[in-house]
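Letter by letter, the chains look like this.
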Amino acid sequence: PDIKLGTGARLKLYGIFKTSIIHDSSSPQGNDFPLPLLAADTGPGGSPEFHLRARGLRLGANFEWLDSAPKFTITGKIEFDFEGNFTRVNNRNISSIRSSQPSIRLAWVRIDRRFNDKTSAFALFGQDWSPFLSSTMPNMIENTNFGGIGFGAAYTRIPQARFGLHFNAGGSRSVQFAPEIAIVMPAFGVLPANVADQLGFGERQGTDSQRPGIQGRAVFQWQLDKAENVAPAQLIVSFEHAR
């Protein structure tokens, strides 16, 4: 981190800005992302659209408290962008087509505990990338529904309490093993496009499900190729269960 605070905490600010100009020859739904196969087919009319967007501004901050206690490290992150929803009020709807709202992407605190040179554990609380599937998805160049909308998009940021261990067996292959399990808010890919859908679908998840979602991940890593500058190999297994 670049900034040292008087309390001993360390802070690093970061951000990116992305803008895009899009002309779509056939997209009647108003989306600024491509739909799969024939989902956007409008027949002979075409329904072309033009988009100019500037809401891809992402800002964040990383926090560290390295000296809170022996063998303990506390870290945190908050990150947001302007990909949020429009407010359903008249004074905002008048300008909503050009004025996006900021929304939280990530907001969590994590406690790490080192037991010895080979074993450590952590607990994370807040909104972070989910253990399920997000290991194999990019998180820097992510666009709207990058996980494959229409083909079972993976929702990869979710409120959670996650716990994990890390074992470093070492050896000539630098073998490491890291299992994790998380209690997450059960949330699914419904689209509350209007009040009727919000009442019928959008509110029939989360707290109304009456039970948490469970997700987990296990990462096995080793140095398959010992040549210089070769990244280690990984085998990742993840699961989820929610209703």
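Note that the structure is predicted; figures quoted are calculated from it, not measured.

A. Broad picture of the overall build of the protein chain. If you tally the helices and strands in the protein chain, you get two helices and 10 strands. Secondary structure of the protein chain in N-to-C order comes out as β-β-β-β-α-β-β-β-β-α-β-β. When each of the 243 residues of the protein chain is scored for burial, the buried share is 25%. In the protein chain, of all internal contacts separated by at least 6 residues, the share reaching a separation of at least 24 is 55%. Looking at the protein chain as shown, the accessible area adds up to about 15600 Å², and 60% of this sits on carbon and sulfur atoms.

B. Structural detail: the pattern of salt bridges. What the rule picks out here adds up to eight salt bridges. Each member of the salt-bridge network shares a partner with another, and the members are Asp128, Arg162, Glu180 and Arg217.

C. Structural view of the packing of aromatic side chains. Under the counting rule described, the total for this entry stands at four aromatic pairs. Seen in terms of ring centroids, Phe63 and Trp65 are 6.1 Å apart; in terms of plane orientation they differ by 10°. Their pairing is stacked. Residue class for Trp65 comes out partly exposed when judged on its relative accessible area of 32%. Arg110 extends its terminal NZ or CZ atom over the ring of Phe122, reaching a point 3.9 Å from the ring centre. It is Arg157 that lies over the ring of Trp129; its NZ or CZ is 5.3 Å from the centre.

D. Structural detail: the environment of Lys71. Here Lys71 is to be found in the loop between strand 3 (49-69) and strand 4 (72-81). A relative accessible area of 44% places Lys71 in the partly exposed class. Taking the C-alpha atoms as reference points, Lys71 and Ser120, separated by 49 residues in sequence, lie 9.4 Å from one another. With residues near it in sequence (within four places) discarded, Lys71 still touches Asp112, Arg113, Arg114 and Phe115.

E. Looking closely at the nonpolar core. In terms of nonpolar packing, the biggest core is built from five residues, these being Leu106, Trp108, Phe122, Leu124 and Trp129. Setting aside anything within four residues of it in sequence, one finds Phe122 in contact with Arg110, Ile111, Asp112, Arg162, Phe163, Gly164 and Glu180.

F. Representation of the pairing of strand 9 (residues 213-222) in the model. In this structure, strand 8 (residues 175-184) lies alongside strand 9, joined through nine bridges in antiparallel fashion. When the sheet's bridge partners are listed, Ala182 is paired in strand 9 with Gln215. The pairing of strand 9 with strand 10 (residues 233-241) spans nine bridges and is antiparallel. Directly across from Val219, in strand 10, lies its bridge partner Ile236.

Conventions and cut-offs
- Residues numbered from 1 in each chain as written.
- Predicted model: local features only at pLDDT ≥ 70, side-chain atom pairs only at ≥ 80, totals over all residues.
- Heavy atoms only, no water.
- Helix = DSSP H or I, 4+ residues; strand = E, 2+ residues; numbered from the N terminus.
- Buried < 20%, exposed > 50% of the residue type's maximum accessible area, 1.4 Å probe, protein only.
- Contact = heavy atoms within 4.5 Å.
- Areas by Shrake-Rupley, 256 points an atom, 1.4 Å probe, with all protein chains shown as cover.
- Salt bridge = Lys/Arg side-chain N within 4 Å of Asp/Glu carboxyl O.
- Phe/Tyr/Trp six-rings, centres within 6.5 Å; stacked < 30°, edge-to-face > 60°.
- Lys NZ or Arg CZ within 6 Å of the ring centre and 35° of its normal.
- Core = buried A, V, L, I, M, F, W, Y, C linked by side-chain atoms within 4.5 Å.
- Pairing = 2+ DSSP bridges.

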